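Working through the structure, step by step
For reference, the chains in residue letters:
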Amino acid sequence: MNVLIVGSGGREYSIGLALQKDEKVTKIYFAPGNGATDNIGENIAISDFEALAFFAKEHEVELTIVGPEAPLVDGIVDLFKSHGLTVFGPSKQASQLEGSKIFMKNFLKKYNIPTAAFIETDQFEKASSFIDTMQVPIVVKADGLCGGKGVIIAQSREEAKDAARDMLSGESFGDAGLSIIVEEYLDGYELSVFAICDGDSYKLLPAAQDHKRLLDGDSGPNTGGMGAYAPTPLIDERLYQDIENLVVKPTLAGMQEEGMPFEGVLFIGLMIVNGEVKVLEYNVRFGDPECEILMPLIESSVCDLFYKGATGDLDSLEIKMSDRHAVAVVMSSKNYPYKSSVPAEIIVDDIVLERLQRDAHISYAGVNKEDGVLYATGGRVLLCIGLGDTIQEARDTAYLMAGQVHFAGKHYRTDIAYQALK
């Protein structure tokens with residue numbers, strides 16, 4: 001089977017790595033890919049959806065997997081399907097679960113899915129009045145896509161009002177912030193849960209935990225994610241049942257009721273508050289860096305998982321997960337997330353330790369290649385992934401691998417998975 005992966009980050013690289021090991025996959029294309037994905041498949045410099053669909057037909061691509069949220073929200077799945085192509089991902093309508101926080105929150109309210117109390121508005125006066133009734137901290141969110149940066153956790157009512165004013169004026173996030181959500185702050189711990197969906201059925205993957213803050217101890221600014229681990233011990237069978245019964249099943253039923261059945265990856269950002277699940281947000285694709293740790297834990301055919309998800313046949317699939325653990329440590333560039341950094345050559349030591357050869361690998365993200373040399377050019381440059389029989393073992397392996405990677409200005413957290421190990 002020929003497979004096309006749309007995207008250019010560590011998430012797409014990791015999906016490619018998993019597919020490369022699948023005997024059902026003949027050829028992998030990346031559009032556009034990054035400086036390292038050409039080690040796995042062929043990079044295609046096509047961004048126009050119509051031209052990409054034509055390429056897929058011309059090259060007998062039997063499955064397209066869309067990685068990032070932006071092309072999903074822009075309707076790439078609908079266009080590919082109109083050409084008779086098999087594509088894994090939600091429709092443009094269904095992608096509103098991520099593309100519009102207001103749509104998402106109103107959906108949660110309509111179908112009685114547990115979430116934080118909120119209002120949605122495009123009027124500063126309404127936002128301000130609601131803020132005056134709230135306890136701090138207060139969460140203010142831009143409605144549209146902001147690359148994971150459209151959420152402000154305000155430590156005072158004045159700060160919340162300033163954030164609302166800046167968003168509604170277009171100053172903070174442009175058109176994405178012209179409508180906002182103001183909601184209560186939930187005090188608990190976060191989990192990332194992923195369901196592979198085909199509109200009717202779903203397969204739940206092990207819960208993961210992401211580390212959003214730049215610095216150790218969950219300090220510093222929010223980022224796209226500085227590391228993750230799975231499965232997490234911060235969840236038990238009762239919580240899994242609650243997630244399925246209170247969130248996943250009503251979400252799929254609700255999306256059918258709305259006339260937009262959900263197909264693809266349903267990424268549920270959860271806060272566990274006093275043992276109860278609350279939905280923080282939905283995303284309509286794999287998280288990054290969570291994808292990088294989940295892919296190597298899937299022992300059954302990853303190709304089958306995506307193909308059956310795209311063709312409404314998940315019920316017939318038995319998914320087999322490893323009983324091991326995975327930890328990913330993100331290496332970022334010197335100035336991330338504040339501004340771009342000067343490109344820096346990446347040097348990886350020869351891997352001689354059998355442990356690293358067997359249980360570690362690198363997933364490349366923000367990299368370019370010139371004359372066969374890889375350069376760090378993005379904010380999040382690469383991820384060092386370690387596997388182990390315990391979280392501690394997986395974490396130690398990931399950090400061993402991190403010690404083999406060098407580039408000027410490299411930064412990474414030293415405490416990934418600390419919540420599971422403390």
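This is a predicted model, so every value here is computed, not measured.

So, on to the overall build of the chain. A count of helices and strands for the chain gives 14 helices and 25 strands. Over its C-alpha atoms the chain spans a radius of gyration of 21 Å, differing by no more than 12% from the 22 Å that the globule rule assigns to 422 residues. Structurally, the chain occupies a C-alpha span of about 60 × 45 × 40 Å along its principal axes. Buried residues in the chain amount to 57% of all 422 residues. When contacts within the chain are restricted to residue pairs at least 6 apart in sequence, long-range pairs at least 24 apart make up 68% of them. Carbon and sulfur atoms provide 47% of the accessible area of the chain, an area that totals close to 17,300 Å². Computed over 37 positive and 63 negative side-chain charges, the inter-centroid distance for the chain is 3 Å.

A few words now on the nonpolar core. Generally speaking, nonpolar side chains in soluble globular proteins are found buried as a group. Membership of the largest hydrophobic core comes to 64 residues, with the highest contact counts inside it found for Leu19, Phe286 and Leu382. Examining the composition of this core, we find that six residues originate from one element, strand β24 (residues 380-388), more than from any other. Apart from the residues within four sequence positions on either side, Phe286 is in contact with Arg11, Ile15, Phe194, Ile196, Leu205, Val265, Phe267, Cys291, Leu294, Met295 and Phe306.

Structurally, the position occupied by Ser300 is in the loop between α10 (290-294) and α11 (302-310). Overall, the relative accessible area of 17% leaves Ser300 in the buried class. Among the polar contacts listed, one links the side chain of Ser300 to the backbone nitrogen of Lys320, at a separation of 2.9 Å. Setting aside residues no more than four positions away along its own chain, Ser300 makes contact with Glu318, Ile319 and Lys320.

Moving on, we get to the environment of Glu190. With respect to the helices and strands, Glu190 occurs in strand β10 (residues 189-198). Residues Glu190 and Val273 lie 83 residues apart in sequence; the distance between their C-alpha atoms is 9.1 Å. Excluding residues within four positions of it along the chain, Glu190 makes contact with Gln209, Leu270, Met271 and Leu280.

A few words on the sheet that holds strand β9 (residues 180-184). With antiparallel pairing, four strands are arranged side by side in an open sheet as β6-β9-β7-β8. Every interior strand has two partners, whereas the edge strands, β6 (118-121) and β8 (151-154), have only one. Between one strand axis and the next, the sheet turns by 20° as a mean value, whatever way the strands run. Across the face of the sheet, helix α8 (residues 157-168) comes into contact with β6, β7 (138-142), β8 and β9 while running at roughly 5° to β7.

The next subject is the packing of aromatic side chains. Under the defined criterion, the tally for this structure stands at nine aromatic pairs. Ring centres of Tyr29 and Phe55 lie 5.1 Å apart, and the angle between their planes is 90°; this geometry places the pair in the edge-to-face category. Placement of the pair is Tyr29 in strand β2 (residues 27-32) and Phe55 in helix α2 (residues 49-58), with a sequence separation of 26 residues. When sorted by exposure, Tyr29 lands in the same class as Phe55, which is buried. Ring centres 5.7 Å apart and planes at 40° place the aromatic pair Phe194 and Phe286 in the tilted group. Taken together, the positions of Phe194 in strand β10 and Phe286 in the loop between β17 (276-283) and α10 put the pair 92 residues apart, joining distant regions of the chain. You'll find Phe194 and Phe286 in the same group, each marked buried. An aromatic cluster is defined as three or more aromatic residues linked by ring pairs; in this entry it consists of Phe88, Phe194, Phe267, Phe286 and Phe306.

Before going further, it helps to spend a moment on the environment of Ile235. Note on placement: Ile235 falls in the loop between β15 (227-230) and α9 (237-257). By relative accessible area, which is 11% here, Ile235 ends up buried. For the pair Ile235 and Gln155, spaced 80 residues apart in the sequence, the C-alpha separation amounts to 29 Å. Ignoring sequence-local partners within four residues, the contact set of Ile235 consists of Leu191, Ala207, Tyr240 and Ile243.

Over its twelve residues, helix α13 (residues 391-402) extends 16 Å from the first C-alpha to the last, a length consistent with the 16 Å expected when each residue adds 1.5 Å. Taken together, the buried positions of α13 are occupied by Ile391, Ala394, Arg395, Thr397, Ala398, Tyr399, Met401 and Ala402.

A separate point is the packing of helix α7 (residues 124-132) against α8. As a packed pair, α7 and α8 sit with axes 10 Å apart at the nearest point and diverge in direction by 160°. Taken together, the axes of α7 and α8 are roughly antiparallel relative to one another. Note that α7 runs across α8; the crossing there is right-handed. Facing Phe124, Ala127, Ser128, Ile131 and Asp132 of α7, the residues of α8 in contact are Arg157, Ala160, Lys161, Ala164, Arg165 and Leu168. A breakdown of the residues in the contact of α7 with α8 according to their chemical character gives six nonpolar, one polar and four charged.

How each quantity is defined
- Residues numbered from 1 in each chain as written.
- Predicted model: local features only at pLDDT ≥ 70, side-chain atom pairs only at ≥ 80, totals over all residues.
- Heavy atoms only, no water.
- Helix = DSSP H or I, 4+ residues; strand = E, 2+ residues; numbered from the N terminus.
- Rg over C-alpha atoms; globule rule 2.2 N^0.38 Å.
- Buried < 20%, exposed > 50% of the residue type's maximum accessible area, 1.4 Å probe, protein only.
- Contact = heavy atoms within 4.5 Å.
- Areas by Shrake-Rupley, 256 points an atom, 1.4 Å probe, with all protein chains shown as cover.
- Lys, Arg positive; Asp, Glu negative; His and termini not counted.
- Charge placed at Lys NZ, Arg CZ, Asp CG, Glu CD.
- Core = buried A, V, L, I, M, F, W, Y, C linked by side-chain atoms within 4.5 Å.
- Polar contact = N/O pair within 3.5 Å; in protein donor to acceptor, adjacent residues only side chain to side chain.
- Pairing = 2+ DSSP bridges.
- Axes fitted to C-alpha atoms, helices over the stretch in contact; angles between N-to-C directions.
- Phe/Tyr/Trp six-rings, centres within 6.5 Å; stacked < 30°, edge-to-face > 60°.
- Expected span 1.5 Å × (residues − 1).
- Parallel < 35°, antiparallel > 145°, perpendicular 65-115°, else oblique.
- Left-handed = near helix turned anticlockwise from the far one by under 90°.
- Nonpolar A, V, L, I, M, F, W, Y, C, P; charged D, E, K, R; others polar.

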